[in-house]
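# Coordinate inspection notes
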Amino acid sequence: MSTPNHRIRLLMDLRAAGIGDTAVLSAIERVPREAFVPPTFRDRAYEDAALPIGHAQTLSRPSVVGLMSQALEAGPRMKVLEIGTGSGYQTCVLARMVRRVYTIERHRELMQEAEARFKALRIHNVTTKFGDGWQGWAAQAPFERIIVTAAPSEIPATLIDQLAEGGVMVLPVGREKRTQSLIRVRKTDGRATIEELDAVRFVPMVAGLPT
Ligand code: SAH
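Definitions and cut-offs
Residues numbered from 1 in each chain as written. Predicted model: local features only at pLDDT ≥ 70, side-chain atom pairs only at ≥ 80, totals over all residues. Heavy atoms only, no water. Near = heavy atom within 4 Å. Polar contact = N/O pair within 3.5 Å; in protein donor to acceptor, adjacent residues only side chain to side chain. Helix = DSSP H or I, 4+ residues; strand = E, 2+ residues; numbered from the N terminus. Nonpolar A, V, L, I, M, F, W, Y, C, P; charged D, E, K, R; others polar. Phe/Tyr/Trp six-rings, centres within 6.5 Å; stacked < 30°, edge-to-face > 60°. Buried < 20%, exposed > 50% of the residue type's maximum accessible area, 1.4 Å probe, protein only. Lys NZ or Arg CZ within 6 Å of the ring centre and 35° of its normal. Expected span 1.5 Å × (residues − 1). Arc of directions from axis to C-beta. Contact = heavy atoms within 4.5 Å. Pairing = 2+ DSSP bridges. Axes fitted to C-alpha atoms, helices over the stretch in contact; angles between N-to-C directions. Salt bridge = Lys/Arg side-chain N within 4 Å of Asp/Glu carboxyl O.

## Thoughts on the site of the ligand
The environment of the ligand is made up of 26 residues, and the closest members are Ser87, Glu105, Asp132, Gly133 and Val206. Separating an oxygen atom of the ligand from a side-chain N or O atom of Glu105 is a distance of 2.6 Å. In this structure, Thr149 approaches the ligand through a side-chain N or O atom, which is 3.1 Å from a nitrogen atom. Those elements that provide at least two residues to the shell around the ligand are strand S2 (57-59), helix H4 (89-95) and strand S4 (100-105). If you tally residues by element for the shell around the ligand, the top one is S2, at three residues. Of the residues belonging to the shell around the ligand, the class tally is 11 nonpolar, 12 polar and three charged.

Here it is in structure tokens:
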């Protein structure tokens with residue numbers, strides 16, 4: 001269910017969670033989250049909660065989507081790589097903020113469902129790929145920004161390689177859910193500097209494709 005009240009309450013929750021970037025808040029305001037969750041969870045779409053999307057995967061809480069989008073420091077002319085399309089919600093929020101989003105998902109069905117949502121919502125600046133995010137997207141690199149929405153055990157070196165000079169990557173890192181942290185990587189003069197932002201819980205970034 002989406003009433004103006006639900007959306008206003010969500011935006012207040014996001015501000016309380018430390019999201020003050022108006023580009024991020026207005027992008028979230030313009031993406032109908034109920035379109036990304038299974039029908040049984042639609043009445044909870046505007047709560048600040050993670051929700052199941054099938055295949056043992058989850059759609060992150062809006063405050064985490066907001067914090068990651070804000071930490072990315074993305075601008076309207078940028079080219080962004082996203083690993084872990086999932087429902088496509090985070091993809092759409094970014095698509096409202098940047099020039100183009102390239103997004104990779106290793107579950108074919110999730111990818112197809114997300115593609116159908118982009119079409120229905122008339123979002124035309126997203127390019128999708130079914131594949132393994134550990135490989136990145138060499139043909140489209142370098143990317144000014146990279147966001148990863150599944151947790152690798154360590155920062156994938158391939159993704160640092162595919163990050164542009166001066167670029168920023170935001171990702172959760174850690175093998176165990178209870179010890180993951182959200183990390184920001186900045187690439188300057190070919191070197192990566194790492195900053196720890198927050199404690200988070202994400203599904204693992206799995207290597208390879210489902211058999
Ligand atoms: N951002 C998504 C939620 C992502 S859940 C949303 O807004 O809905 C994490 C997603 O990462 C899952 O869909 C999972 O299948 C995907 N994933 C995990 N490992 C991956 C990999 N190696 N390559 C690409 N996608 C991966």
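## A short note on the packing of aromatic side chains
The final tally for this structure, using the stated rule, is three aromatic pairs. Plain terms: the ring middles of Phe36 and Tyr89 are 5.4 Å apart, the flat faces sit at 75° to each other, and that makes the pair edge-to-face. Of this pair, Phe36 sits in the loop between helix H2 (22-29) and strand S1 (51-54) while Tyr89 is found in helix H4, placing the two residues 53 residues apart along the sequence. Taken as a pair, Phe36 and Tyr89 share a single burial class, namely buried. With centroids separated by 5.3 Å and ring planes inclined at 85°, the aromatic side chains of Tyr102 and Trp137 adopt a geometry described as edge-to-face. Linking Tyr102 in strand S4 with Trp137 in the loop between strand S5 (126-130) and strand S6 (143-148), this pair joins segments that are 35 residues apart in sequence. What makes Tyr102 buried here is its relative accessible area of 10%. Accessibility expressed as a relative area gives 9% for Trp137, which makes it buried. Here the aromatic residues Tyr102, Trp137 and Phe143 are joined through ring pairs into a cluster of three or more. A cation over a ring is seen here: Arg108 above Phe130, with NZ or CZ 3.9 Å from the ring centre.

## Notes on helix H1 (residues 4-16)
Between the first and last C-alpha of H1 there are 18 Å, a value that for 13 residues agrees with the 18 Å anticipated at 1.5 Å per step. Every buried residue belonging to H1 is among His6, Leu10, Leu11 and Leu14, and all of these are buried. Down the axis of H1, the smallest arc covering the buried residues is 135°, so these residues share one side. Pointing more than 90 degrees away from the buried face of H1 are the exposed residues Pro4, Asn5, Arg9, Met12, Arg15 and Ala16. Tucked inside the fold, the buried residues of H1 contact H2 and helix H3 (62-71). Positive backbone phi, at 95°, marks Gly18, one or two positions downstream of H1.

## Concerning the sheet that holds strand S9 (residues 191-199)
Ordered in space as S5-S4-S3-S6-S7-S8-S9, the seven strands form an open sheet in which the pairing is mixed. Each edge of the open sheet carries a strand with a single partner, namely S5 and S9. Here the average twist between neighbouring strands, direction ignored, is 15°. Of the pairings in the sheet, the one linking strand S8 (residues 181-188) to S9 comprises eight bridges and is antiparallel in character. Pairing of Ile183 across the sheet is with Glu196, part of S9.

## Some thoughts on H3
Of all 10 residues making up H3, eight are buried, and the element is well covered by its neighbours. Of all the residues in H3, the buried ones are Pro62, Ser63, Val64, Val65, Gly66, Met68, Ser69 and Ala71. One or two positions beyond H3, positive phi appears at Glu73, with a value near 50°.

## Brief notes about the pattern of salt bridges
If you walk through the whole model with that rule in mind, you get seven salt bridges. For Glu47, the salt bridge is made with Arg44, and the minimal N-O distance between the two is 3.1 Å. In this structure, Glu195 engages Arg184 in a salt bridge whose closest nitrogen and oxygen atoms are separated by 2.8 Å. Here Arg184 lies in strand S8 and Glu195 lies in strand S9, a separation of 11 residues in the sequence. Where salt bridges share partners, they join Glu73, Arg184, Arg186 and Glu195 into one cluster.

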